[in-house]
Amino acid sequence: MPRKLLLLLYIITENVIDGEYSELDEDYLTLRDRLEDHWWILNAILTDCGMPTLDPRNATDWLVLYSLTAGEDESMSERMTQVIDHLFADVKE
């Protein structure tokens, strides 16, 4: 599986497996706590797959990290969609 696809699958699924309980769902966690938890989980997945860990200097990784900072009112995939739409707003079909 390509690394970019793995990252996108994480964003789309928000690392939810069959509706299991996750501490990331709790209201007392700050946005920084959520980002840090996602950072460790995603880097562990990448390491297990023999892929490089997240690097904010990489454009794709930066977009993933930005999407991970989605608040309670939006999903990670919605945040990624908003950024992509903004970046390519000038491109006409």
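Higher on the page you've got the structure.
Undergrad: How should I be thinking about the pattern of salt bridges in this particular structure?
TA: When charged atoms on two side chains of opposite charge get close, those side chains can pair. Counting across every chain of the model gives 3 salt bridges. The closest approach of N and O atoms between Asp61 and Arg3, which form a salt bridge, is 2.8 Å. With Asp61 in helix 3 (residues 59-68) and Arg3 in helix 1 (residues 3-13), this residue pair connects regions lying 58 residues apart in the sequence. Both residues of the pair, Asp61 and Arg3, belong to the buried class.

Undergrad: So what exactly am I meant to see when it comes to the nonpolar core here?
TA: A general feature of soluble globular proteins is that nonpolar side chains tend to end up buried together. Leu7, Ile11, Leu42, Leu46, Leu54, Val64 and Leu68 are the most contacted members of the largest nonpolar core, which totals 16 residues. Among the secondary structure elements, those contributing two or more residues to this core are helix 1, helix 2 (31-48), helix 3 and helix 4 (76-87). Once residues within four sequence positions are removed from consideration, Val64 is found in contact with Leu7, Ile11, Leu42 and Met80.

Undergrad: When you look at the packing of helix 2 against helix 3 in this model, what are you seeing that I'm missing?
TA: Packed helix pairs are characterised by how far apart their axes lie and by the angle those axes make with each other. Across the interface, helix 2 lies against helix 3 with an axial gap of 9 Å and an inter-helix angle of 135 degrees. The angle between the axes of helix 2 and helix 3 places the two elements in the oblique class. Between helix 2, through Leu35, His38, Trp39 and Leu42, and helix 3, the contact on the second element is made entirely by Val64, Leu65 and Leu68. Residue classes in the contact of helix 2 with helix 3 are distributed as 6 nonpolar, 1 polar and no charged.

Parameters and conventions
- Residues numbered from 1 in each chain as written.
- Predicted model: local features only at pLDDT ≥ 70, side-chain atom pairs only at ≥ 80, totals over all residues.
- Heavy atoms only, no water.
- Salt bridge = Lys/Arg side-chain N within 4 Å of Asp/Glu carboxyl O.
- Helix = DSSP H or I, 4+ residues; strand = E, 2+ residues; numbered from the N terminus.
- Buried < 20%, exposed > 50% of the residue type's maximum accessible area, 1.4 Å probe, protein only.
- Core = buried A, V, L, I, M, F, W, Y, C linked by side-chain atoms within 4.5 Å.
- Contact = heavy atoms within 4.5 Å.
- Axes fitted to C-alpha atoms, helices over the stretch in contact; angles between N-to-C directions.
- Parallel < 35°, antiparallel > 145°, perpendicular 65-115°, else oblique.
- Nonpolar A, V, L, I, M, F, W, Y, C, P; charged D, E, K, R; others polar.

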